[in-house]
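Chain by chain, the residues:
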Amino acid sequence: MTNGWIDIKNTDMMLIMGGNPAENHPCGFKWAVEAKIHRNAKTIVVDPRLTRTAANADMYVQIRAGADIAFLGGVIKYAIENNRIAKEYLVNYTNAAFIIKDGFALPEDGLFSGFDPEKQVYDKKTWNYEEGGDVAGKAVAATPAEKPAPPLAPGAAPPAPALPPNVAFDLSLQHPRCVYQLLKKQYERYTPEMVERITGIPQEQFLKAADLFTSVRKDGDMKKVATIIYAVGWTQHSFGTQIIRTAAMLQLLMGNVGRAGGGVNALRGHSNIQGATDLAGIFDILPGYLKMPNPADVDLATYIKRVTPTQSKPDPWESFNYWSNTSKFTVSLLKAFYGPAATKENDFAFNYLPKIDRNYSWVNIWNDMYEGKIKGIFAFGMNGVMIGPDSNKNIEALKKADWLVVCEIYADETSEFWRAPGITADDQKKINTTVYRLPGAGFAEKDGTFVNSARWLQWKNAALPPPGQARLDQEILATIYLKVRDLYKKEGGKFPDPVLNASFAYTTPYNPSLAEVAKELNGKALADLTDPKTNTTIKAGQQLPGFAWLKDDGTTACGNWIYSGSWTEAGAMMQRRGTEDPSGLGIYPNWGWSWPANRRVLYNRASCDLEGKPWDPSRRQVWWDEAKQSWMGVDVPDFKPDSPPKDHMGPFIMNPDGIGRLFVPLAGMADGPFPEFYEPIESPLANLLHPKQSNNPVVKKYKTDMDKYAPVGGDYNVICTTYRLTEHYHYWTKNNPMNVQLVPEPFVEVPAELADRMGIHGGEKIKVSSIRATYIAKAMVTRRIKPMKIDGKETFQIGIPIHWGFRGIAEDEGKTAKTLANQLTPTVIDPNAFTPEFKGFLVKIEKV
Amino acid sequence: MSSRAIEHFDDKARETFEHAGRTTVYGGELLRHPVYTRILHWTVALFFFLALFSGFGIYLPWLFRWFTPIFGGGQLSRIMHPYFGVAFVFFFALQALNWIQPMLWAPGDTRWLRNIKTIASGEEKMDPPDTGFFNAGQKAMFWEIVAGCIVYLITGIILWAGAKTFGRISVAISYVLHDISALIMLGGIFIHIYLSTIGEPGTFHSMIRGAVSEAWAWTFHPAWYKQVTGRDPVQACEEARRQMNAGSKS
Amino acid sequence: MADRKTLQAVMISGHTNPSPGFAMQRDLEVCKLVDTTTCIGCKACEVACVEWNDLPFTPTTFDNTYQTMPETGYHFWNLIKFNEHQNPDGTIQWLMRKDQCMHCADPGCLHACPADGAIVKYANGIVDFNQENCIGCGFCVSGCPFNIPRFNPSTKRVYKCTLCSDRVGEGLEPACIKACPTGCLKFGTKDDMKFIAEERAKQLRDNFGWQNAGVYDPQSVGGTHVIYVLHDATDPERYGNLPKDPQIPWSYTWWKWLFKPVLGTFALFGLLGVLAHHVTHGPRVPQPEPPKKDDNIGGAY
């Protein structure tokens, strides 16, 4: 979330789309209710189903699953045409005025400029800012011919194109190649008629929704704020990242980012998924969102040069470009990883870090395992078989693995994949995977932090000890690590150094306390440090007060730079329980600790106008204090504190261009600098904008014998989406009688019209088949999902909650068919975040 | 069941019960109620009072809840009451079959009822000559109980099964009808007990020993007397009076 | 309110004497406010109710609805009712209403109950069942216009929501209120809740286009200690059979409290009547009557 849970109460307008917070984040939804009650805030819910969130909305719009970009693109067009945009914000805080290189082409045929159809990738060199100064009023200058590249060293890769330091711009936004004009042109095609044909939302309703949402910016008035709230209903598409981009662009256009009650707010699906991401739960990042080295990064300097962005901005403006500190974050991380073994002389042990040579994302791990390339897997706190996509493929993959280690609190489907329905006793004899099941501890049995969607680190205490032989995760992991280290010590091995030299200086190495780990993440001084500006000193060994103190000379160690400040010499900031909220904005500065730097709303400089005065004085977050020559605030200013407004420093300090990006230059996105609507991989119709390029062009289908994809116009013509229920939590609570009592059995939500046509009655078992597998559950015949007219053709959507498998109370009692929702889903991923496409695939339904 | 079958059933029952008990009829007496009838009567009476008393505490708790300890408290009262009631209805049903013949309404009964004032006030010392085995008052009471039992049974089952089965409104209505039925029967029972004991001396014996004096018979049920003896009740009475007078003078 | 004295009984079922708590304390009545317009149907209140009261788990079956079970049970006192209401324009309104005892000011269950002390109404407005005294007749079920009391066939007792009288007596809010994540459930004095509810209804009318929004606090049962804010107060039935005009059957009102004693007295007049007959007219005896020995003595008077 750019903002935070509590901050939602400050909003005037909510667009909830691709998320169902009332059901999946009921505690957080409290703040949406607060906004309704205390600010008369309106809610628009756009969803394929009338969910419990929609039941609470002022306006519910039923959309075809996967058509989100068409809808949002239509709203962008509406906002521009009806002057529902924040002009001053747009010009000064976004790259609307930046000129894009000549040769850049919009995807009128479905492809941006630079597409390589063979490799299915883009050459992004035209996706860049034009070099030059203010071009306002001047004739459109053509991009100068590229200078001949300097001769390359033999064998070296050509240098990646870089952003120009001096960007060409036109503050009048009239230049035909300025981002604003390109954006306008890009979404000109997203007319209400087109939106209706693609999304199934009647024009009239679409216009009403667009009008309502953009009404906060009526006549450009900046007082009101709108927020956009989403969850995995957006991410789980083969163009998921681009949906979120569209939302971000809309919010930038309307000037809603950085402001209390605004922002683009991702609701994370687990209590600690934000923490998992922050600490590199993804293959391509290191803790703190540092990029993972690749084989070309032969030494630390090469790596730092590659991953550190350089300023790129219009000349009269400033850009903080905070990522210019990347080397400090990296070296401190290496010092935390390898301690004394990381020295200046050995490049701070940079060569110990693994280098990624290809995509190791979730789906690819299972695909590799299926192809026999991965021999074993540790599954801690995740049920890989259930998660899918294509659970059958995952089960087959596990059959081919040599070993599987599962740490869980219940006997789950992954550790018992060999008992999946359809596997006979004879089949079982042929499975040679050795399964180790370790008894883990439940969340209430552990202390430590949860990092919530609002980026708050909140310490929790263990409520009770783990039962029986169950052990804490860190005890299990440390025991394994120490055992492996012993083996390396004894037997050597190919490259024992990273394992032998890893810093593991915990008081109880076999069961490290999480408080020690948290302190390590915060970082400490390894030598006496002095800040010449304030003349303060930190003694060697002391906890660092924040990431501003990090050094790239090996005098600081920090396990995750964004957490620096969370456990200082003043104490455990993440354990604070102060309930003061002097501003009334729900900032609670003394409750827990929020990264970065205990800042609650990101980019909050953008909540002020150019002079540093808040757009809405009643929701004052930060402001420029002329007398003190400093930025002040009820929140921690997300800005260089002494940069006066006249310097025109961009409020988006993490971007090298300092502004909010309507246009994402260069390598930012794999599939285009502007979002374009593409059909899901399985869709009942070809893309109406460009039928020849129906799907996301850079998305690759998998090619194993198990990967099948339903074609347009085949037997599979019902759109299916999957989701969770309030009453259950993923695949655990099917083991808890209380939750099972609330919703006892799996079901499929079927529109009443479709059920009538097929003679299906509520409560009867039905069979849902995709081209890959079949799922059996009882039908919930409902009028909450209506038939839709997609391009004039009647189309049905159904929905399946994902919670049931083949182990659980109802399952073990033989009350269910023991099929898994994710047996239906296709193996295909978003090219930017590598998230599988669970929302919107094709099925057919039959009576059992 | 056809009426013939009912008769057959009753005949058989009477016969069976005759072996279980004894009815002694002395000289100057007539057999009024056989053993079967008497056993039924007292069984019905027993369950009537059990049901009545167990019902009191439920009927008007703030006034009558002191009845409930008799049955082991409120809970047991409530559990037993319907069973008492069902037993009452069941045994009364047998009695009804047993008595249905003599209880049939006759033309004389209407006249009897019209005349009730003179009879009840004692103006007429003897019942009208066409008063048979049962007089119209007894018949009215009988049919009231038959009707009452039907109401008890229907409303009682509704109350027993409760609102979940029959709906709250039918329970509420049954609640009232059950009460009304009980109130009427309660009023009737006072008259019944009075007349069968101190109100018309000699009657009680008919339900205890089964026999009544001839004088009782010609006084209160002259037509029955005539039917079973063949003698004229008025003449018999006058004859007795003469004998009595003669005896008292001697 | 945080005082046990709010649990003084002001009405007691089947009770002979006046209730001890009647007009004996000044504390305000409590009230639960359920704002159906912000209920998200999360069932946290259902779980909290089962947990706080240690109620056993009930096996349920999928029944084409999100609703946990068709109606509340003797061990499930708090149930969110889900209803898909079709508006005249064809759009669907998905309504969620937390169903539980309404704690009527004039409780039909208590009126119907024949067992002394089985149902009491406390000074704070809570209507509570005391199973010790319950005789299991089930009349309360018939007396209740909201279909709330539930008979347990194995214990032969009736159960329902207690409004957590055990918690409220200690100054805590009911468990459901504590668990509610959105603030759709509120707890406080009746006056305060009524005020908040009316404000919310006004807000819904003025700002959200619900012209018929209103507060459900039916006066036909004297008002309730659970009140609802409804999108459309003119049609409460759409929220899962919430009666528009809840009524206590007259069987338990004027029949029970007036006609029963009066007619009972009439029946006793039967006894008086026959005794009077005996006294005034004497018995009818078989004829001929034996000559009365004291005829002459009688004449001497």
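The paragraphs below set out a description of the structure included in this document.

Scoring rules and cut-offs
Residues numbered from 1 in each chain as written. Chains lettered and ligands numbered in written order. Predicted model: local features only at pLDDT ≥ 70, side-chain atom pairs only at ≥ 80, totals over all residues. Heavy atoms only, no water. Helix = DSSP H or I, 4+ residues; strand = E, 2+ residues; numbered from the N terminus. Buried < 20%, exposed > 50% of the residue type's maximum accessible area, 1.4 Å probe, protein only. Areas by Shrake-Rupley, 256 points an atom, 1.4 Å probe, with all protein chains shown as cover. Contact = heavy atoms within 4.5 Å. Pairing = 2+ DSSP bridges. Axes fitted to C-alpha atoms, helices over the stretch in contact; angles between N-to-C directions. Buried area = accessible area lost by both parts, 1.4 Å probe. Salt bridge = Lys/Arg side-chain N within 4 Å of Asp/Glu carboxyl O. Polar contact = N/O pair within 3.5 Å; in protein donor to acceptor, adjacent residues only side chain to side chain. Nonpolar A, V, L, I, M, F, W, Y, C, P; charged D, E, K, R; others polar.

## Topic: the overall build of chain B
Stage number 1. Within chain B one finds 13 helices and 2 strands.
Stage number 2. Along the first, second and third principal axes, the C-alpha set of chain B runs to 75 × 40 × 35 Å.
Stage number 3. Per-residue burial for chain B yields a buried fraction of 47% across its 250 residues.
Stage number 4. In the form shown here, chain B has an accessible surface area of approximately 12,800 Å², with 68% of it arising from carbon and sulfur atoms.

## Some remarks on the arrangement of the chains
Stage number 1. Among the 2 pairs of chains that make contact, the interface with the largest number of contacts is formed by chains B and C.
Stage number 2. Chain B makes no contact with chain A, the minimum C-alpha separation between the two being 23 Å.

## Topic: the sheet that holds strand E7 (residues 264–266) of chain A
Residues and elements named next belong to chain A.
Stage number 1. Judged by pairing direction, the sheet is parallel, and its 5 strands sit side by side in the order E3-E2-E1-E6-E7 without closing on themselves. Strand pairing shows two members of the sheet lacking a second neighbour, strand E3 (59–62) and E7, which therefore form its edges. When the angles between neighbouring strand axes are averaged without regard to direction, this sheet yields 20 degrees.
Stage number 2. Direction of pairing for strand E1 (residues 13–17) relative to strand E2 (residues 42–47): parallel, over a ladder of 5 bridges.

## Observations regarding the interface of chain B and chain C
Stage number 1. The interface of chain B with chain C comprises 48 residues on the first partner and 51 residues on the second.
Stage number 2. Of the roughly 4,300 Å² buried between chain B and chain C, counting both surfaces, carbon and sulfur atoms make up 64%.
Stage number 3. In this structure, glutamate 71 of chain C and lysine 164 of chain B form a salt bridge, with 3.3 Å as the shortest nitrogen-oxygen distance.
Stage number 4. Inspection of the chain B/chain C interface yields 26 residue pairs in polar contact (both at pLDDT 80 or more).
Stage number 5. With 16 residues, helix H9 (residues 168–199) of chain B is the largest single contributor of residues to the side of chain B that touches chain C.
Stage number 6. In terms of residue class, the side of chain B that touches chain C is made up of 30 nonpolar, 8 polar and 10 charged.

## Structural notes on the interface of chain A and chain C
Stage number 1. The interface is formed by 43 residues belonging to chain A together with 35 residues belonging to chain C.
Stage number 2. When chain A packs against chain C, the two sides together hide about 3,400 Å² of surface, and 58% of this comes from carbon and sulfur.
Stage number 3. Of all residues in chain A, Met738, Gln741 and Arg783 of chain A give up the largest surface area on contact with chain C, accounting jointly for 21% of the area buried on that side.
Stage number 4. One can count 2 salt bridges joining chain A with chain C.
Stage number 5. There are 19 residue pairs in polar contact (both at pLDDT 80 or more) connecting chain A and chain C.
Stage number 6. At the level of secondary structure, the elements contributing two or more residues to the side of chain A that touches chain C comprise helix H1 (21–24), helix H2 (26–39), helix H3 (52–55), helix H21 (737–742), strand E25 (747–751) and strand E27 (774–782) of chain A.
Stage number 7. In terms of residue count, H2 of chain A provides more of the side of chain A that touches chain C than any other element does, 7 residues in total.
Stage number 8. Residues belonging to the side of chain A that touches chain C are distributed by class as follows: 21 nonpolar, 8 polar and 14 charged.

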